Each structure stands twice: as C-alpha cells, then as structure tokens.
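# A structural walkthrough
Letter by letter, the chains look like this.
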Amino acid sequence: MSGPWIQTAVICETVTELEGKLIANGIVDGMLIDGGAEVNLNLVLALVRGEWQGEIKLHVVAYDPAGDPISAMDIDGDPPPIPYAVSRIVVPIELVPGQPGVYWFDLSIENQTLTRVPLRVDWR
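Below is a short write-up of the structure. A quick note: this is a predicted structure, and the numbers were derived from the prediction, not measured. (Residues numbered from 1 in each chain as written. Predicted model: local features only at pLDDT ≥ 70, side-chain atom pairs only at ≥ 80, totals over all residues. Heavy atoms only, no water.)

## Quick notes on the overall build of the protein chain
- In terms of helices and strands, the protein chain carries zero helices and nine strands.
- If you list the helices and strands of the protein chain from N to C, you get β-β-β-β-β-β-β-β-β.
- Principal axes of the C-alpha set define a box for the protein chain whose edges measure 50 × 35 × 15 Å.
- Evaluated residue by residue, the protein chain yields a buried proportion of 35% over its 124 residues.
- In the form shown here, the protein chain has an accessible surface area of approximately 7000 Å², with 50% of it arising from carbon and sulfur atoms.
- The protein chain carries 7 positive and 17 negative side-chain charges, and their two centres are separated by 5 Å. (Helix = DSSP H or I, 4+ residues; strand = E, 2+ residues; numbered from the N terminus. Buried < 20%, exposed > 50% of the residue type's maximum accessible area, 1.4 Å probe, protein only. Areas by Shrake-Rupley, 256 points an atom, 1.4 Å probe, with all protein chains shown as cover. Lys, Arg positive; Asp, Glu negative; His and termini not counted. Charge placed at Lys NZ, Arg CZ, Asp CG, Glu CD.)

Have a look at this one:
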C-alpha cells in the first residue's frame, strides 16, 4: 500500500489552531491520577494520503491494560484528494480508567493497523 500513513500521533492536554497550524499543548505519555478520576485528553493525528485513492475512514479502538476493548470510533480522515495531502484530526479522549496500567489506542484503516499509541495511567 502506498499510503495512507500516520505522520503524527500524540496524546496531549489541549489543542489550539493558530494561522492554519495545529498546536498540541502538554504532550503526555502517562498520568498520575486519583483512582476513578476522569481523564480528558486529545489524540492528535496527522494523516498523509500518499497515493491512496478514495475516502479514508480511520478506525480508533481504545484498550484497557488487560487488552480488552473499552471504546471504538470511526473517523472521516479524508485529506484533500491530491497525492500526499495531510489531514489533521483531533480525537477527544474521555476515559475513566478502571485500573492503573497502559491503555492503548489502535489506529487502523480497512483492518490494517497503522500505529498504536500508549497512555500509561498510574494511581496515587
């Protein structure tokens, strides 16, 4: 396959847009929270079309530390229909971790995994 590709995949606290640029603020790879507290973050993606023809539907699945899926969503990740165009996507993460450990966010297109993004959650 000659695309699409993930150019950027990060978890951050907030996202702003300034002069056509997406700015990920407070990039995190882990958090220390009170047990049962809600986590509100953002998964920021830059998806490169490459030579892919047709629309792009990105599938995101969140997994808990035991490997069980806890949520899933499909996102229209369609960059402009020109080769190597980039689509910037912000996926809100609203999570109430049931246990400490590493939570994974799998990104795939047509059942092909493009990447996995981890978020480590530790309890106080």
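Having seen it, we continue.
## Description of the sheet that holds strand β5 (residues 57–63)
- Judged by pairing direction, the sheet is mixed, and its five strands sit side by side in the order β3-β9-β8-β5-β6 without closing on themselves. Whereas interior strands pair on both sides, the edge strands pair on one side only; in this sheet they are β3 (30–33) and β6 (69–76). Taken over all neighbouring pairs, the strand axes of this sheet differ in orientation by 20 degrees on average, direction set aside.
- Relative to strand β8 (residues 101–109), β5 runs antiparallel, the two sharing five bridges. Across the sheet, alanine 62 pairs through a bridge with phenylalanine 105, a residue of β8. (Pairing = 2+ DSSP bridges. Axes fitted to C-alpha atoms, helices over the stretch in contact; angles between N-to-C directions.)

## Section: the sheet that holds strand β1 (residues 5–18)
- One open sheet accounts for four strands, arranged β2-β1-β4-β7; its pairing is antiparallel. Sheet topology places β2 (21–28) and β7 (86–95) at the edges, where each strand pairs with a single neighbour. Adjacent strand axes in the sheet meet at a mean angle of 50 degrees, parallel and antiparallel pairs treated alike.
- Judged from the 10 bridges that link them, strand β4 (residues 39–48) and β7 form a sheet pairing that is antiparallel. Residue pairing for β7: valine 44 is matched across the bridge by valine 90.

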